[in-house]
Amino acid sequence: MKINFVICVIISNVIYGANAIPQQNTVSNETYIDRLKSLFKTPSTTMPETQYTTESTTQPTPSAGSSFTSKTNEVTSILPITPTITEENCTCVSYELCKPAQSKMDQACPNAIDVCCLGGENLISTSTSSPPCECVLIDHCDNGENTVDLRLDTKKHPCSSYLEICCSLAAIISTKPIACPSVGCGIRNSNGVGFNITGDNNMESKFGEFPWMVAIMEEKTTNPYVCGGSLIHPSVVLTAAHCIDRKTSQSLKIRAGEWDTQTTREPHPYQDRSIRRITTHPGYRRGFLHGVLYNDIALIFLMQPFDITISVNTICLPYANENFDESRCISTGWGKNEFGAEGKYQVILKRVELPVVSSDTCAEKLRRTRLGGNFQLHNSYMCAGGEPGSDTCTGDGGSPLVCPVKNSPGQYVQAGIVAWGIGCGGSTPGVYVDVSFFRDWVDEEMKLNHLSTQSYQRQ
C-alpha cells in the first residue's frame with residue numbers, strides 16, 4: 001500500500017507538480033456505521049447542505065433544463081440472502097446473486113426486490129442459509145463481479161443505488177489500493193474505472209473512460225449545467241467561447257470526474273474548482289447575422305489545480321494545422337438526445353463516434369441548408385458527423401472531439417470543440433472549432449500565465 005502511494009506521488013509530481021497528488025482514501029474501522037459511511041462518495045469540494053436532496057431508489061428522469069441535480073449519501077441496512085424456487089425454471093434471488101444479463105426482470109417474485117435468475121448455472125450462490133450482506137460500492141466487494149447493468153429496474157435492486165452491491169460480509173474490502181493515474185495526456189480508460197457496464201444501449205460512456213471531460217456549471221441556479229469542456233492542464237480548461245459569453249468567472253465553476261449526474265456513488269469522487277479568469281480569443285465574433293461566428297475558443301484558468309487521478313487527467317492537443325480528415329473520432333457530453341423541446345439532457349455522460357469531414361465537403365452540405373448558397377465556412381472551423389442518428393446536440397457545446405493518435409493505441413488528441421450545427425442527428429455534419437488552428441494561441445496564453453505546456457504534449 002505504501003509503495004503504491006509513493007509511486008503515484010512521484011508520477012504526479014514529475015508530470016504536473018505537487019498540487020496534483022491524489023489523496024488516499026482509507027476506511028475507519030472504529031464503528032460499523034462509520035465504516036459504511038466511509039465507503040460512500042462525497043463531493044471533493046464541500047457544498048452547502050441545503051443543496052442536497054435525498055436520492056431516490058429509482059434512477060430519475062432528467063428535466064428538460066438539465067440533468068445535474070443535487071446529490072446525497074445514504075447508508076443502507078444489512079439485507080439477508082434468501083433464494084426462492086419458482087415454477088418458471090428460474091430462482092428468485094437478490095440481484096447480486098445472479099450473473100449479469102441472466103435474469104428475468106418481468107418475472108414476479110415473492111420479494112419485490114428480487115430477480116428471477118435463469119438456470120442454476122447462473123446462480124452465484126444457491127444456498128438457502130447464506131450469510132447476511134451489506135450494501136457497499138461495487139468496487140468494495142471482492143466477489144468476482146464488477147459489472148453494472150444499466151437496464152436494471154432499480155425498484156428490484158436490494159440497495160439504494162444501482163452502483164452498490166449487496167456484498168457478503170467476508171467479501172467486503174475495507175481498504176482499496178490507490179489506482180495510479182495514467183502517465184501522459186489523452187489516455188482513455190477503455191474498460192472504465194472501478195467497474196464495467198452492460199446494457200449501454202444509448203451510447204453511455206463508462207465511468208472514468210474519458211478523464212479529460214469536464215462540466216462547466218453555474219452557481220446558485222436550479223439548472224446549473226452550462227456546457228462541456230476539456231482539461232488540458234490541471235489548472236486550465238479548454239472550451240467554446242460562446243458557452244461562457246457574457247458570464248463571469250465568479251458565477252461559474254468547473255467539475256471534473258463526473259459521470260452520472262444524479263448519484264454520488266461512483267468509485268471516485270468528482271472535483272469542483274473555482275475560476276480565476278476567463279480568456280476568450282481576441283478575434284471571437286458572436287451572432288449568426290450573415291454567418292458571423294468564428295474564433296469560438298476560450299481558456300478557463302482555475303483558482304486551484306485539479307488533483308490528477310485515474311478518473312481525472314488531461315487531453316493531448318494537436319500540432320499546429322494538423323489535419324484529421326477521414327479520421328473516426330469521439331465526442332462526449334451531457335447534451336440533449338434530440339433537437340427541439342422534446343430533447344432531454346442526459347444523466348450519464350454519453351459518447352458518439354463521428355467521421356471527420358473535409359471543410360470543402362462540409363461547406364457544400366451546409367449551403368444546402370437554410371444558410372444558403374453563399375455561406376462560407378470560416379477557416380477556424382472543421383466538421384464531423386453527417387451520419388443519421390449519430391451527432392452532438394444542444395448542450396454539448398464546448399465539449400471535446402477527440403481522435404485516436406496514430407501508432408499510439410489508447411491515446412487521443414483533441415481535434416475539435418463542439419460549436420454549432422443545423423439540427424441534430426441528420427445528414428448534415430456538425431461544426432467544430434479546429435483546435436489545431438489555435439495551437440499557437442493556446443501555447444502563448446499558457447506562457448503568459450506562467451504555466452507549462454507539457455501537460456498536453458504528446459510523448
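Residues numbered from 1 in each chain as written. Predicted model: local features only at pLDDT ≥ 70, side-chain atom pairs only at ≥ 80, totals over all residues. Heavy atoms only, no water.

Of all five residues that make up strand β7 (residues 164-168), four are buried, and the element is covered over most of its length. Alignment of strand β5 (residues 133-137) against β7, held across five bridges, turns out to be antiparallel. By the bridge assignment for β7, C133 is matched with S168. (Buried < 20%, exposed > 50% of the residue type's maximum accessible area, 1.4 Å probe, protein only. Helix = DSSP H or I, 4+ residues; strand = E, 2+ residues; numbered from the N terminus. Pairing = 2+ DSSP bridges.)

This brings us to the sheet that holds strand β20 (residues 430-434). Strand-to-strand pairing in sheets goes through backbone hydrogen bonds, with the strands running parallel or antiparallel. The six strands are arranged β15-β16-β17-β20-β19-β18 in a closed barrel whose pairing can be described as antiparallel. Each strand of the sheet is rotated relative to its neighbour by a mean of 45°, with strand direction disregarded. As paired elements, strand β17 (residues 381-384) and β20 share four bridges and run antiparallel to each other. Residue pairing in the sheet places A384 in a bridge with G430 of β20. Set on the sheet, helix α4 (residues 359-366) makes contact with β16 (350-357), β17, β19 (412-420) and β20; between it and β16 the angle comes to about 100°. (Axes fitted to C-alpha atoms, helices over the stretch in contact; angles between N-to-C directions. Contact = heavy atoms within 4.5 Å.)

Attention now goes to the pairing of strand β13 (residues 271-280). Sheet topology note: the strand β12 (residues 252-256)/β13 ladder contains four bridges and is antiparallel. Bridging from a neighbouring strand, I254 pairs with R273 of β13. When β13 meets strand β14 (residues 298-302), the two strands line up antiparallel, connected through five bridges. Counterpart to R277 in the pairing with β14 is F301.

Take the nonpolar core next. With 55 residues, the main nonpolar core has I232, I254, L377 and W420 as its most contacted residues. Top contributing element to this core by residue count: β14, with five residues. The contacts of I254, once residues within four sequence positions are left out, are V214, A215, I216, V237, Q271, D272, R273, I275, I300, L302 and F306. Ranked by size, the runner-up nonpolar core spans 24 residues in total, among them V136, Y225, W334 and L349. (Core = buried A, V, L, I, M, F, W, Y, C linked by side-chain atoms within 4.5 Å.)

The next point concerns the pattern of salt bridges. On inspection of all chains with the given rule, the structure shows twelve salt bridges. One salt bridge in this structure joins E258 and R255, with 3.3 Å as the shortest N-O distance. As far as burial versus exposure is concerned, E258 and R255 are alike and both buried. When the shortest N-O distance is used, the salt bridge between D307 and R273 registers 3.8 Å. With D307 in the loop between β14 and β15 (328-333) and R273 in strand β13, this pair connects stretches of sequence that are 34 residues apart. There is no split in this pair, since D307 and R273 are both buried. (Salt bridge = Lys/Arg side-chain N within 4 Å of Asp/Glu carboxyl O.)

For the rest of this paragraph, the subject is the state of the cysteines. Using the criterion set out here, one finds six disulfides in the structure. The disulfide that involves C133 links it to C166, with 1.8 Å between the sulfurs. When the S-S torsion is 75°, as for the bridge of C133 with C166, the disulfide is right-handed. Of this pair, C133 sits in strand β5 while C166 sits in strand β7; the two residues are 33 residues apart in sequence, bridging distant segments of the chain. Each disulfide pairs two cysteine sulfurs, and for C329 the partner residue is C403, the sulfurs being separated by 2.0 Å. Disulfide C329-C403: torsion about the S-S bond near 100°, hence right-handed. Of the two residues, C329 is situated in strand β15 and C403 in strand β18 (residues 400-404); the sequence distance between them amounts to 74 residues. (Disulfide = S-S within 2.5 Å.)

Our next topic: the environment of P269. Among the secondary structure elements, P269 is positioned in the loop between β12 and β13. Accessibility expressed as a relative area gives 28% for P269, which makes it partly exposed. Measuring from C-alpha to C-alpha, the distance between P269 and E258 comes to 7.8 Å, with eleven residues separating the pair along the chain.

As a further point, take the environment of N374. Tracing the backbone through its elements, the reader meets N374 in the loop between α4 and β17. Its relative accessible area of 74% is what places N374 among the exposed residues.

We now examine α4. The set of residues buried in α4 consists of C362, A363 and L366. All buried residues of α4 fall inside an arc of 100° around its axis, so they share one side. Buried residues along α4 sit against β16, β17, β19 and β20. (Arc of directions from axis to C-beta.)

Once that is clear, we can look at helix α5 (residues 439-448). By the burial criterion, the buried members of α5 are R439, W441, V442, D443, E445 and M446. Elements in contact with the buried residues of α5: β10 (225-233), β11 (236-239), β13 and β14. Positive phi shows up at H450, right after α5, with a value of about 60°.

Moving on to the confidence of the model for the protein chain. For the protein chain, per-residue confidence averages 75 on the pLDDT scale, and residues scoring 70 or more make up 64% of the total. Segment residues 72-83 is flagged for pLDDT under 50; beyond a separation of four residues in sequence, or across chains, it makes 50 contacts in the model. (pLDDT = per-residue confidence, 0-100.)

Our next topic: the packing of aromatic side chains. Under the definition given, this model contains nine aromatic pairs. Their ring planes at 10° and their centres at 6.1 Å tell us that F195 and F207 sit as a pair that is stacked. With F195 in the loop between β7 and β8 (196-198) and F207 in the loop between β8 and β9 (213-218), this residue pair connects regions lying twelve residues apart in the sequence. You'll find F195 and F207 in the same group, each marked buried. Aromatic side chains W212 and Y412 sit 6.4 Å apart centroid to centroid with 35° between the ring planes, which places their arrangement in the tilted category. Of this pair, W212 sits in the loop between β8 and β9 while Y412 sits in strand β19, and the two are 200 residues apart along the sequence. Three or more aromatic residues link up through ring pairs in this structure, and these residues are F195, F207 and W259. We note R255 situated over the ring of Y270; from NZ or CZ to the ring centre the distance is 3.7 Å. The residue whose ring lies beneath R458 is Y319, and the NZ or CZ to ring-centre distance is 4.0 Å. (Phe/Tyr/Trp six-rings, centres within 6.5 Å; stacked < 30°, edge-to-face > 60°. Lys NZ or Arg CZ within 6 Å of the ring centre and 35° of its normal.)

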